[in-house]
Amino acid sequence: MVEHVIPKNLEEALKYLNAKPYKVIAGGTDLMVQHRAWSALSPNFKTPLLFCFNLNALKYIKVQNDEIAIGSMTDLETLLDHPLTPEILRKVISVMASPAIRKVSTLSGNIINASPAADSLLALYALDAKVVCRSLHTEREVLVSEMVLGPRKTQLKAHEIITEIRIPKTSFTHTTFVKVGGRLADAISKVAFVGCAQIVNNQVKDLRIVLNAVSATLIRQKAIESQWLNKAPNVLQSQMDTILEAYEAYIQPIDDQRSNKYYRKQTALNLIKQFINTL
Amino acid sequence: MSTINRSVPKVDAKDKISGKMLYVSDLHIDGMYYAKTVRSTISKGFIKSITLPELPEEVTVVDYRDIPGKNNVKMIFEDWPVFAEKAISHYGEPIMLVVGPNKAIVQDVVNEIDIQYTLAEPVFDMVNSVVDYHFTKGNPESAFKNAKRTIKYTYETGYQEQAYIEPQGFIGTIEGNKVHLTGSIQAPYYVKNAVVETLACDPSDVRIVQANVGGAFGGKEEFPSLIGCQLAVALKKVKKPIKLIYEREEDMEVTTKRHPAKITMEAAIDENHHISAIKAHVGIDGGAFTGLSSVVLSRAMIAATSAYTIAHLQVDGDVYLTNTVPNGAFRGFGAPQMIFAVEMFMNHIAKDLSKDLHAYRLNHLAKQHDLTTTSGTFRDPILMPQMIEKACEMSDYHHKKTLYERPGSYKGIGMSWFLHGCGFTGSGEAEHIKAKVKLRKDEQDNVHLMIAAVDMGQGAKTTLMKVAAEVLKRPLETIHFDNPDTDQVPDSGPTVASRTAMVVGGLVARAAKQIKDNWVDGKVQTVHESYKQPEYMSWDQATFTGDAYPAYSWGVNVVEVEVDKASYEVTVKNIWSVYDVGKSLDDNIVLGQADGGTAQGVAYGYLEVMRHKDGKIVNKNMTDYVIPTAVDMAKTETVLFDNPFALGPYGAKGAGELTLVGGAPAVATAIEMAINKRIYKIPATPEYLMELIHSDNN
């Protein structure tokens, strides 16, 4: 068994991290699976571990400076039931994993696990969510979409810990979430989609489209979105092929044990089309 | 008529639901050792060298050189080694066990063993036939010669994993010469006979006890013989109690699965548009070793026209070996593959002839006194017309069909009709199994069922105890049925082939009758019964001629689906079923079989995907091998028809497999209607549906 520490509070956690690069465990629902061993043996971790389950001060959801602030140890099941949770995030969480896993897993863990198929990231990308990274001496705010660099790769530094997720308040007239996962619960996405739009006086004032599991990181292309603002929905619908072509360049899925690249690509395009046709 | 079908609480339910029941991995013996299997990392080749690390004290390596008897797992053919010697035939083939008292140390040794191989070219296609059967009925050649036209299609089915809740495992002890294994098994005497051959010992030196079984679905019919033999060899060498339990991924990678199949059907159509003859070729992928594949092939071939009667038949079949995990027993045993092909073929013929599917199929439905595929006779009444009518009424089939057949509906309703032969194929019961049962009344007038039948969750204990109680007219509480122990009970055969209620239950009823007729209060009384083949049955295994089964159970499944236009995903909305299992011995238990069976059978048709890549199973955990969850499972409605079989206890026939075998074609024909394309293979995944929808020539 490798060395492990269970800090009593954030201060203590930051001191540990300042001294040594620990692997930080929030809910552990990804890490424990990734490091599984023969039953009744300790999991196969090679690096020292820091368990966060006692950091109760990081379990909250509140309004703060026109943003929704979520403590990084808040479990998904709590978010599912909380009135402040943005609707699109709630939709996504409602089909993530199973109730037992949601009871311990966290948004911060899902972000740092940085899976191309992560579902919560769909909503966090769409909502322009940010994470607060703290170390003993520093604090910085980073967009979730910039935090994630590639599969299992983030820009979190060795001595940092995520303390908060901040979600700007937004309002949409249309929000859609579709998860294509093989089955309705306890599934890993083959491809999943979030679309949000604000239509005012028949003009698209805000448009956000996010896809997972079709490239190394999630796809959100603000440059494409902004081209179609201040236009009527039927303009977007009439130029569907142009929109789809623009996205097609970024959709580069792979074959794996859950699906194949042709299906993922076609379905991703279908989902974009279906969403735009509902505006 | 008997009211035995009235449900009682299952005798095992309370301990299972409360978590009190112990399974083999819960068992602990002081001082026990743990065994871990070292496996090949190539699909085909030869072992060039094995380099062991310096073994820590108390750690032992067990391999083929330690086998006192035959290095063969006793089944039908001699081709499945207990441990690989030189040749490797599939990825994950067991080479040795590492045994020691400390799991971490055992794991370290396993990690440090270095095995070098000479590689050979693996075969993954169905080309290497090792079993080849054929039979005919009537005169297919002449029917084909006189045909107005012929119609031919090929159908393919994939792997299916049993996905029992509890992985494979045993715990064993040794005292003097006597080896005692307790395991999660369906066939205590299969394990015993295999271990006796491997140890080359006296049968009295092997004792097999069934642990509480957390699901099996056929997966614990023959595979446990392999682990049982390995563990017995280890016990002989190490002389300590040893536990050998598979991890989930190990279990999914290396244990037997449902055979992938490729079935080609050709029909001769006469001037009245009737099918006058069928030629079928059934190819199944046996994996690396033959195992039970020849018997699986037989059952598939005998189901070549399922619930229909076709006058002339030519049925050929092959078991092909490939360098993949050995395939084996799985609820349905060859029938799900065949019934999928038959049902799709009937629909495709009707479509090619522009006939109404329903009417066309009804015209070919089997009737009492018709000849079976093997020229035996359907002796008992067949209630299928009434059952089909009931299913149509429950599901509003005809109305929905009209609605959903409109192009672009993306909704469909599909139906399958099928039968399942009860018990072993042909003369298996009489010549190979020769089932025996023993009942013992103690001084307190409690009656003990001394039988080898296994309750793996399907309700065998409750059902067979009810049969005895009903015959004896005694309270259920006075009947006892412990998990079988080969030192205590005679060989009443494996718990497979939908035979337990009908065959073993029949023997229990006869034995109970003997006790009742000779009842003396407070006296110990013991009676025996053994299987006698019904006198009307005759079977020629060489030509596949005669009565393949003493009785048939019948079924109708209706499945309603919706297909998503954007993701091509299938949502199963409703499942309706009508079954004739002779006489239900407990309605809740049969309905439980029905719900579980349709879940497994329907999911086989559209959801459950298992593939191998270069011989390695890629869907090797319950995340990547998708079976339906409670939220995926559609609402089910099931009706049972009484049609008592004279030789079954209270009229009971088989119920275990029947409920699975028709699921796939029911969902596949529903999907065909929804997307207006033809389906030739299962599982009908969204990926496959996308191809079909975007293809012009289907």
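Residues numbered from 1 in each chain as written. Chains lettered and ligands numbered in written order. Predicted model: local features only at pLDDT ≥ 70, side-chain atom pairs only at ≥ 80, totals over all residues. Heavy atoms only, no water.

(A) Structural detail: the overall build of chain B. A tally of regular secondary structure across chain B gives 18 helices and 28 strands. For chain B, the C-alpha radius of gyration of 25 Å lies close to 26 Å, the compact-globule estimate for 698 residues. Here chain B holds 698 residues, and 64% of them are scored as buried. At a minimum sequence separation of 6, the contacts of chain B that also span at least 24 residues come to 80%. Taken as a whole, chain B presents about 25,300 Å² of accessible surface, with 49% of it coming from carbon and sulfur. Charge centroids of chain B, computed over 72 positive and 86 negative side chains, lie 3 Å from each other. (Helix = DSSP H or I, 4+ residues; strand = E, 2+ residues; numbered from the N terminus. Rg over C-alpha atoms; globule rule 2.2 N^0.38 Å. Buried < 20%, exposed > 50% of the residue type's maximum accessible area, 1.4 Å probe, protein only. Contact = heavy atoms within 4.5 Å. Areas by Shrake-Rupley, 256 points an atom, 1.4 Å probe, with all protein chains shown as cover. Lys, Arg positive; Asp, Glu negative; His and termini not counted. Charge placed at Lys NZ, Arg CZ, Asp CG, Glu CD.)

(B) Layout of the interface of chain B and chain A. With 33 residues of chain B in contact, the opposing surface of chain A contributes 28 residues. Taken as a group, Lys103, Ala566 and Glu687 of chain B account for 24% of the area that chain B buries against chain A, more than any other trio of residues on that side. On inspection of chain B and its partner chain A, the count reaches 15 residue pairs in polar contact (both at pLDDT 80 or more). Elements that contribute at least two residues to the side of chain B that touches chain A include exactly strand 1 (33–39), helix 2 (103–112) and helix 18 (686–693) of chain B. Considering each element in turn, the side of chain B that touches chain A owes the most residues, 4 residues, to helix 2 of chain B. Split by residue class, the side of chain B that touches chain A holds 16 nonpolar, 7 polar and 10 charged. (Buried area = accessible area lost by both parts, 1.4 Å probe. Polar contact = N/O pair within 3.5 Å; in protein donor to acceptor, adjacent residues only side chain to side chain. Nonpolar A, V, L, I, M, F, W, Y, C, P; charged D, E, K, R; others polar.)

(C) Representation of the pairing of strand 10 (residues 178–183) of chain B in the model. All names here are of chain B. Alignment of strand 9 (residues 169–175) against strand 10, held across 6 bridges, turns out to be antiparallel. Considered in strand 10, the bridge of Ile174 is made with Val179. Linking strand 9 to strand 10, which pair antiparallel, is a turn of 2 residues; within it Gly176 sits at a positive phi near 60°. Pairing between strand 10 and strand 11 (residues 206–210): 5 bridges, direction parallel. Within the sheet, the bridge partner assigned to Val179 lies in strand 11 and is Val206. Considered for its hand, the β-α-β crossover made up of strand 10, helix 4 (residues 188–199) and strand 11 is right-handed. (Pairing = 2+ DSSP bridges. Right-handed = clockwise from strand over helix to strand, strands pointing away.)

(D) Geometry of the packing of aromatic side chains. Residues and elements named next belong to chain B. On inspection of all chains with the given rule, the structure shows 19 aromatic pairs over all chains. Seen from their ring centres, Tyr308 and Trp417 are 6.2 Å apart, and the 35° between their planes marks the pair as tilted. In this pair, Tyr308 is assigned in the loop between helix 7 (293–302) and strand 15 (312–321) and Trp417 in strand 16 (residues 411–422), connecting sequence segments 109 residues apart. Assessed through its relative accessible area of 2%, Tyr308 is described here as buried. The class for Trp417 is buried, based on a relative accessible area of 0%. (Phe/Tyr/Trp six-rings, centres within 6.5 Å; stacked < 30°, edge-to-face > 60°.)

(E) Inspection of the domain arrangement of chain B at higher detail. All names here are of chain B. The assigned domain composition of chain B is domain 1 (24–121 + 163–254), domain 2 (261–425 + 545–693) and domain 3 (428–530). A straight line from the C-alpha centre of domain 2 to that of domain 3 covers 33 Å. Listed by partner, the interface residues are 22 residues for domain 2 and 21 residues for domain 3. When domain 2 packs against domain 3, close to 1,500 Å² is buried across both sides, 66% of that on carbon and sulfur atoms. (Domains from an automatic or database assignment.)

(F) A look at unusual backbone geometry. Here the bond from Ile682 of chain B into Pro683 of chain B is cis, since omega is 0°, no more than 30 degrees from zero. One can find Pro683 of chain B in the loop between strand 28 (681–682) and helix 18.

(G) Just the environment of Ser409 of chain B, in detail. Residue and element names in this part refer to chain B. With respect to the helices and strands, Ser409 occurs in the loop between helix 11 (397–404) and strand 16. The partly exposed category is assigned to Ser409, whose relative accessible area is 23%. Taking the C-alpha atoms as reference, Ser409 lies 6.3 Å from Ala674; in sequence the two are 265 residues apart. With residues up to four places along the chain from it excluded, the contact list for Ser409 reads Leu403 and Tyr404. Side-chain polar atoms of Ser409 contact the backbone oxygen of Tyr404, separated by 2.8 Å.

(H) Structural view of the packing of helix 12 (residues 261–277) of chain A against helix 18 of chain B. Helix 18 of chain B packs onto helix 12 of chain A with a crossing angle of 70° between their chain directions and a minimal axis gap of 10 Å. Looking at the two axes, helix 12 of chain A sits roughly perpendicular to helix 18 of chain B. Two secondary-structure elements touch here, helix 12 of chain A through Tyr262, Tyr263 and Gln266 of chain A and helix 18 of chain B through Pro686, Glu687 and Met690 of chain B. Residue classes in the contact of helix 12 of chain A with helix 18 of chain B are distributed as 4 nonpolar, 1 polar and 1 charged. (Axes fitted to C-alpha atoms, helices over the stretch in contact; angles between N-to-C directions. Parallel < 35°, antiparallel > 145°, perpendicular 65-115°, else oblique.)

(I) Summary view of the sheet that holds strand 18 (residues 447–450) of chain B. All names here are of chain B. Strand order in the open sheet formed by 4 strands is 19-18-17-20, with mixed pairing between adjacent strands. Looking at which strands have only one partner, the edges of the open sheet turn out to be strand 19 (479–480) and strand 20 (525–530). Two elements, strand 17 (residues 436–441) and strand 20, share 6 bridges in a ladder whose sense is antiparallel. Bridging from a neighbouring strand, Lys441 pairs with Gln525 of strand 20.

(J) Molecular detail of a nonpolar patch on the surface. A surface patch of nonpolar side chains, about 210 Å² in accessible area, is lined by Ile50, Leu52 and Leu55 of chain B. As for its placement among the helices and strands, Leu55 of chain B is situated in the loop between strand 2 (45–51) and strand 3 (60–62). (Patch = residues over 30% accessible without salt bridge, like charges linked within 9 Å, V, L, I, M, F, W, Y side chains within 5 Å. Salt bridge = Lys/Arg side-chain N within 4 Å of Asp/Glu carboxyl O.)

(K) Here's a closer look at empty space enclosed by the protein. All names here are of chain B. Tallied over the full model, the rule gives 7 cavities of 30 Å³ or more. Its volume calculated, the largest cavity comes out at about 150 Å³. In this structure, the largest cavity is lined by 20 residues; those nearest its centre are Ile302, Ala303, Thr373, Leu419 and Tyr552. Counting only elements with at least two residues in the lining of the largest cavity, the list comes to helix 7 and strand 16. Among the elements that make up the lining of the largest cavity, the one with the highest residue count is strand 16 (3 residues). (1 Å grid on protein atoms, 1.4 Å probe; cavity = no way out; pocket = protein on both sides within 12 Å on 5 of 7 lines; lining within 4 Å. Points joined across faces, edges and corners; volume = space filled by probe spheres on them.)

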